[in-house]
Amino acid sequence: MRLVLLGPPGSGKGTQAARLKVELGVPHISTGDMLRAAVAAGTPIGLKAKAVMDAGQLVSDDILLAMLEERLAQDDARKGFILDGYPRNLAQADALEHLLAKIGQPLDAVVKLDVPNQVIIGRCEIRFKAEHRKDDDPEVVRDRLKVYADQTAPVAEFFARRGKLQVIDGVGTLDEVTERVKHALNWQPAAVNG
Ligand code: AMP
């Protein structure tokens, strides 16, 4: 299964991907997690990315594409992946399409988690208090929502034109949302042989 999860910051992409990877048996690839790891490790990419991330803006497309290409070349991604946080703009959507065509791994589906802004703002506030992520500061969340509306929302349209987009309601319990994603994917557990 090669899946992209789309949705605004705080829509639950990371939480759902962490649950789905177990059932789908494919790795969860979060570009936000990869960048945060680079920041924590103080790598050259991390040093470049930190201020941009703290301000809730997008890190450069070149850095992201190189990071993703390297990650998808790893063994565990051969059986598929759940991509969370990429693509974030139309240039990245285009780059992803080309990269996946090059490695012969076209996407199976794109699922967008629909969550109203008011709910997002509340969730990010809770996460800010718990995890102290600078970009969950309510002021930065407003900027992230603007970046999402301006740059990321058109990505849904990009995949809709290719007949790959499914939009689901991202408000509900974790189990309810996981079930909705699985339903959208028409996913059934593999039959147990014997
Ligand atoms: P996330 O955890 O997905 O919300 O990502 C946290 C931050 O990492 C974002 O606000 C961006 O600054 C950066 N980031 C993550 N993924 C991307 C991407 N695909 N393109 C550009 N910046 C990204």
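Details of the structure are given in the entry above.
First, a word on what this report is: a plain description of the structure on this page. On a predicted model such as this, the values are computed, not experimentally measured, just so you know.

## Remarks on the pairing of strand β4 (residues 109-114)
With respect to burial, β4 is a largely interior element, five of its six residues being buried. As judged from the four bridges shared by strand β1 (residues 2-6) and β4, these two strands associate in the parallel manner. Directly across from Val4, in β4, lies its bridge partner Val110. Relative to strand β5 (residues 165-169), β4 is paired through five bridges, and the arrangement is parallel. Paired with Val110 across the two strands is Leu165, which belongs to β5.

## Notes on the layout of surface pockets
What the largest pocket holds in volume is close to 980 Å³. Around the largest pocket, the lining comprises 47 residues; the ones closest to its centre are Pro9, Lys13, Arg127, Arg133 and Arg144. At the level of secondary structure, the elements contributing two or more residues to the lining of the largest pocket comprise β1, α1 (13-24), β2 (28-30), α2 (31-41), α6 (117-131), α7 (138-161) and α8 (174-185). It is α2 that contributes the most residues to the lining of the largest pocket, five residues altogether. Each pocket or cavity is described by its volume, and for the second largest pocket that value is around 160 Å³. Forming the boundary of the second largest pocket are Arg36, Val39, Lys50, Met53, Asp54, Arg133, Lys134 and Asp135. For the lining of the second largest pocket, the elements supplying multiple residues, two or more each, are α2 and α3 (44-54). The element that contributes the greatest number of residues to the lining of the second largest pocket is α3, accounting for three residues.

## Section: the environment of Gly7
Looking at the element boundaries, Gly7 is found in the loop between β1 and α1. With 160 residues separating them along the chain, Gly7 and Val167 place their C-alpha atoms 9.4 Å apart. Ignoring any residue separated from it by four or fewer positions in sequence, one finds Gly7 in contact with Lys13, Lys112, Leu113 and Tyr148.

## Things to note about the pattern of salt bridges
Within this structure, the stated rule accounts for 18 salt bridges. Glu23 is the partner of Lys182 in a salt bridge, and the nearest nitrogen-oxygen pair spans 2.8 Å. Linking Lys182 in helix α8 with Glu23 in helix α1, this pair joins segments that are 159 residues apart in sequence. Notably, a salt bridge pairs Glu176 with Arg180, separated by 3.9 Å at the nearest N-O pair. A residue pair is termed a helical-turn pair when its members lie 3 or 4 positions apart in one helix, as Glu176 and Arg180 do in helix α8 at four residues. Here Glu176 falls in the partly exposed class, since its relative accessible area comes to 40%.

What counts and what doesn't
- Residues numbered from 1 in each chain as written.
- Predicted model: local features only at pLDDT ≥ 70, side-chain atom pairs only at ≥ 80, totals over all residues.
- Heavy atoms only, no water.
- Buried < 20%, exposed > 50% of the residue type's maximum accessible area, 1.4 Å probe, protein only.
- Helix = DSSP H or I, 4+ residues; strand = E, 2+ residues; numbered from the N terminus.
- Pairing = 2+ DSSP bridges.
- 1 Å grid on protein atoms, 1.4 Å probe; cavity = no way out; pocket = protein on both sides within 12 Å on 5 of 7 lines; lining within 4 Å.
- Points joined across faces, edges and corners; volume = space filled by probe spheres on them.
- Contact = heavy atoms within 4.5 Å.
- Salt bridge = Lys/Arg side-chain N within 4 Å of Asp/Glu carboxyl O.

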